[in-house]
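The chain contents come next:
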Amino acid sequence: MGCGRVGTMIATVLWEEGNHVIVLDANPESLRRLPEELQKEAMVGDGSLEEDLRRGGIEISDAFVAVSTGDTTNVLAAQMAKHVFQVGKVVCRIDDPACFEMYKELGLNAVSSTQLISNLILQAVHS
Amino acid sequence: MYIIVVGAGKMGYHLTKALLKDEHEVIIVERSAPKCEAIREELGSMVIVGDGCEESVLREAGASRADVFITVTGVDEDNLVACQIAKHRFQVGRTISLINNPSNEKLFVELGVDVCVSSTDIILSHIEEELPEHSLVHFMALRGSNREIVGIRIPPDAAVVGQVLGEVPIPDDSLISFVLRKDGTLVVPDREAILGSDDEVVAITTAEGEEALRDVLTGIA
């Protein structure tokens, strides 16, 4: 869910590895970033809506990745995937560091781009 | 009580005014500066400009001493995250959230929002009450289970009119709580109670069982 640069890259790599990938984004323009083969099955939809997740086949999915730029949308979608649809593997991007820490404590598999990028830059500065 | 309200739309504004009138201490958190300014001019300096989904903003709003935390933005995901931060970071005893999409209610309750208010469901139940052909009205969902309280009006031509309750095949997952008679008297029915035309039967049932209950009570002879 979320087809920005990050979503596009993740989807493409997973697809190249041979996985069946469905990409969901609210903006049809964003889906044009995808390789043509992935565009065929990509869907315009709101990842925070149960109906749209269901339409994307979440009930039979093995993994759900929420990487839109909206923290709260990612958090709602990821928690829905985990608690309502019991998806085995759920990964959620949360840019706000405080929010990221809290959801990690609550057991959500969260990744903070803010924290990762800051750490990398700090490392570069210190080296 | 000390109450934090997130979202200063129409709902947040009127809610805050009502809470202030009841002599609660209220603070509003709102992202839009112009909206905050308008409220400040009318109600005084009890507004914080900021994102209610950010821990630092809620700290500034005094979330750690709040008794009640209410989110009424038009965006469900923002309501959820704000409530979860209030609950898990500031241990607010009671979190209340507006639900814009009724299908989110179950998830919100499961994730620890104490009270969910679904505007769609409330309006729908009022409309159901006004429509004569709607024999079943949803009053409320019971927290922590999939049970709900419903009201069913018995039509004059129903098969159960004149029957004793003990002989009516009420579905297993449903429990008749009380009966409001046409003349306004309230009866807690035993097995011998006789059902009458235009009685309003209030029952606890499940989402799956409500159809069966309705069919039993309103089915035509």
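Only a predicted model underlies this, so the values are computations on that prediction, with no experimental measurement involved.

Draft legend 1. Quick peek at the overall build of chain A. The helix and strand inventory of chain A stands at six helices and five strands. When the helices and strands of chain A are listed from N to C terminus, the series reads α-β-α-β-α-β-α-β-α-β-α. Computed over its C-alpha atoms, the radius of gyration of chain A comes to 15 Å, within 12% of the 14 Å expected for a compact globule of 127 residues. The principal-axis extent of the C-alpha atoms belonging to chain A is close to 45 × 30 × 25 Å. Taking all 127 residues of chain A together, 43% fall into the buried category. Contacts spanning at least 24 positions in sequence make up 41% of the contacts within chain A whose residues lie at least 6 apart.

Draft legend 2. Local environment of the side chain of Gln79 of chain A. Looking at the secondary structure, you find Gln79 of chain A in helix α4 (residues 71-83). Setting aside its immediate chain neighbours within four residues, Gln79 of chain A contacts Val84, Tyr103 and Leu108 of chain A together with Leu80, Gln84, Leu107 and Leu111 of chain B.

Draft legend 3. Local environment of the pairing of strand β11 (residues 200-206) of chain B. Residue and element names in this part refer to chain B. Across the seven residues of β11, six count as buried, placing the element largely inside the fold. Bridge count for strand β8 (residues 147-153) against β11 is seven bridges, and the pairing is antiparallel. When the sheet's bridge partners are listed, Glu148 is paired in β11 with Thr205. With five bridges joining them, strand β9 (residues 175-180) and β11 adopt antiparallel strand pairing. Looking across to β11, one finds that Phe178 is bridged to Val202.

Draft legend 4. The pattern of salt bridges, seen in detail. Tallied over the full model, the rule gives 17 salt bridges over all chains. A salt bridge links Arg54 of chain A to Glu50 of chain A; the shortest N-O distance between them is 3.3 Å. Of this pair, Arg54 of chain A and Glu50 of chain A both sit in helix α3 (residues 50-55), separated by four residues, roughly a single helical turn. For Arg54 of chain A, a relative accessible area of 38% corresponds to the partly exposed category. Residue Arg40 of chain B pairs with Glu37 of chain B through a salt bridge whose shortest N-O separation is 3.1 Å. Taken together, the positions of Arg40 of chain B and Glu37 of chain B, both in helix α2 (residues 33-43) and three residues apart, correspond to about one turn of that helix. What emerges from the salt-bridge pattern is a single network uniting Glu105 of chain A together with Glu55, Arg59 and Arg89 of chain B.

Draft legend 5. Representation of the pairing of strand β3 (residues 63-66) of chain A within the structure. What you see with β3 of chain A is a clean split: Phe64 and Ala66 of chain A sit on the buried side and Ala63 and Val65 of chain A on the side with no burial. Considered for its hand, the β-α-β crossover made up of β3 of chain A, α4 of chain A and strand β4 (residues 89-93) of chain A is right-handed.

Draft legend 6. Inspection of the domain arrangement of chain B at higher detail. Taken domain by domain, chain B holds domain 1 (2-118) and domain 2 (132-218). The distance between the C-alpha centroids of domain 1 of chain B and domain 2 of chain B comes to 37 Å.

Draft legend 7. Molecular detail of the packing of α4 of chain A against helix α4 (residues 76-90) of chain B. Relative to each other, α4 of chain A and α4 of chain B sit at 85 degrees, their axes nearing to 8 Å. By the angle between their axes, α4 of chain A is roughly perpendicular relative to α4 of chain B. Of the residues in α4 of chain B, those touching α4 of chain A at Thr72, Thr73, Val75, Leu76 and Gln79 of chain A are Glu77, Asp78, Leu80, Val81 and Gln84 of chain B.

Draft legend 8. Representation of the packing of helix α1 (residues 10-21) of chain B against α2 of chain B within the structure. Residue and element names in this part refer to chain B. At a minimum axis distance of 12 Å, the contact between α1 and α2 shows a crossing angle of 25 degrees. Our classification of the angle between α1 and α2 gives roughly parallel. The chirality of how α1 crosses α2 is right-handed. Along its contact with α1, which presents Tyr13, Thr16, Lys17 and Leu20, the element α2 presents Ile39, Glu42 and Leu43. Here the residues of the contact of α1 with α2 are counted per class, giving four nonpolar, one polar and two charged.

Draft legend 9. Looking closely at the packing of aromatic side chains. Per the stated rule, a full pass over the model turns up zero aromatic pairs over all chains. Above the ring of Tyr2 of chain B, the side-chain terminus of Arg65 of chain B is found at 3.9 Å from the ring centroid.

Rules behind the numbers
- Residues numbered from 1 in each chain as written.
- Chains lettered and ligands numbered in written order.
- Predicted model: local features only at pLDDT ≥ 70, side-chain atom pairs only at ≥ 80, totals over all residues.
- Heavy atoms only, no water.
- Helix = DSSP H or I, 4+ residues; strand = E, 2+ residues; numbered from the N terminus.
- Rg over C-alpha atoms; globule rule 2.2 N^0.38 Å.
- Buried < 20%, exposed > 50% of the residue type's maximum accessible area, 1.4 Å probe, protein only.
- Contact = heavy atoms within 4.5 Å.
- Pairing = 2+ DSSP bridges.
- Salt bridge = Lys/Arg side-chain N within 4 Å of Asp/Glu carboxyl O.
- Right-handed = clockwise from strand over helix to strand, strands pointing away.
- Domains from an automatic or database assignment.
- Axes fitted to C-alpha atoms, helices over the stretch in contact; angles between N-to-C directions.
- Parallel < 35°, antiparallel > 145°, perpendicular 65-115°, else oblique.
- Left-handed = near helix turned anticlockwise from the far one by under 90°.
- Nonpolar A, V, L, I, M, F, W, Y, C, P; charged D, E, K, R; others polar.
- Phe/Tyr/Trp six-rings, centres within 6.5 Å; stacked < 30°, edge-to-face > 60°.
- Lys NZ or Arg CZ within 6 Å of the ring centre and 35° of its normal.

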